[in-house]
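Listed below, chain by chain, are the residues.
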Amino acid sequence: MRPSTRTAGVLTGLFLSLAGATLVAPAAHADIPACTNMAAQAGAEVTDAVTAACRQGVSGDLQGCVSGLTGAGVPGGAANGACRTAALEPR
């Protein structure tokens, strides 16, 4: 086998293995810190209840997230925005 053919084969194998790892890699987790930061900016203290509510937003339970955040003292509009942020991928 010629060196140029061997090099091309190695590079192709490397590319395919990296591309496969990218396809199989788990999706990025949603953004709990962004949710808790928005709650804090709205004037709420970031407690375990706020973090738990943001975790609900991450799992897709936006209603439960908003209920949890409003129960923890986050105003309704800010709670809604924070929960929607929780469902997004981190930046």
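Residues numbered from 1 in each chain as written. Predicted model: local features only at pLDDT ≥ 70, side-chain atom pairs only at ≥ 80, totals over all residues. Heavy atoms only, no water.

Draft legend 1. Summary view of the packing of helix α2 (residues 32–41) against helix α5 (residues 76–86). Axis separation between α2 and α5 bottoms out at 7 Å; the angle between their running directions is 165 degrees. Here α2 is positioned roughly antiparallel relative to α5, judged by the angle of their axes. For the element pair α2 and α5, the recorded crossing hand is right-handed. Counting all contacts with α2, which are made through Ala 34, Cys 35, Met 38 and Ala 39, the residues of α5 involved are Gly 81, Ala 82, Cys 83, Thr 85 and Ala 86. Residue classes in the contact of α2 with α5 are distributed as 7 nonpolar, 2 polar and no charged. (Axes fitted to C-alpha atoms, helices over the stretch in contact; angles between N-to-C directions. Helix = DSSP H or I, 4+ residues; strand = E, 2+ residues; numbered from the N terminus. Parallel < 35°, antiparallel > 145°, perpendicular 65-115°, else oblique. Left-handed = near helix turned anticlockwise from the far one by under 90°. Contact = heavy atoms within 4.5 Å. Nonpolar A, V, L, I, M, F, W, Y, C, P; charged D, E, K, R; others polar.)

Draft legend 2. Main features of the packing of helix α3 (residues 48–58) against helix α4 (residues 62–71). One can describe the packing of α3 onto α4 by two numbers: an axis separation of 7 Å at closest approach and a directional angle of 165 degrees. Relative to α4, the element α3 lies roughly antiparallel. For the element pair α3 and α4, the recorded crossing hand is left-handed. Side by side, α3 and α4 meet where Val 50, Ala 53, Cys 54, Gln 56 and Gly 57 of the first sit next to Leu 62, Gly 64, Cys 65, Gly 68 and Leu 69 of the second. Considered class by class, the residues forming the contact of α3 with α4 number 6 nonpolar, 4 polar and no charged.

Draft legend 3. Molecular detail of the confidence of the model for the chain. Model confidence for the chain is summarised by a mean pLDDT of 79, while 64% of its residues fall at 70 or above. At the low end of the mean pLDDT range in the chain sits helix α1 (residues 3–24), at 52; at the high end sits α4, at 96. The low-confidence segment residues 20–28, where pLDDT is below 50, has 2 contacts with residues more than four positions distant or belonging to other chains. (pLDDT = per-residue confidence, 0-100.)

Draft legend 4. Up close: the state of the cysteines. This model, assessed by the stated rule, comprises 2 disulfides. Paired by a disulfide, Cys 35 and Cys 54 hold their sulfur atoms 2.0 Å apart. An S-S torsion of about -75 degrees defines the bridge between Cys 35 and Cys 54 as left-handed. Here Cys 35 is found in helix α2, whereas its partner Cys 54 is found in helix α3, with 19 residues between them in sequence. Each member of the pair, Cys 35 as well as Cys 54, is classed as buried. The disulfide bridge from Cys 65 ends at Cys 83, spanning 2.0 Å between sulfur atoms. Here the S-S torsion is close to -90 degrees, and the disulfide linking Cys 65 with Cys 83 is therefore left-handed. One end of the pair, Cys 65, is in helix α4; the other, Cys 83, is in helix α5, with 18 residues separating them in the sequence. (Disulfide = S-S within 2.5 Å. Buried < 20%, exposed > 50% of the residue type's maximum accessible area, 1.4 Å probe, protein only.)

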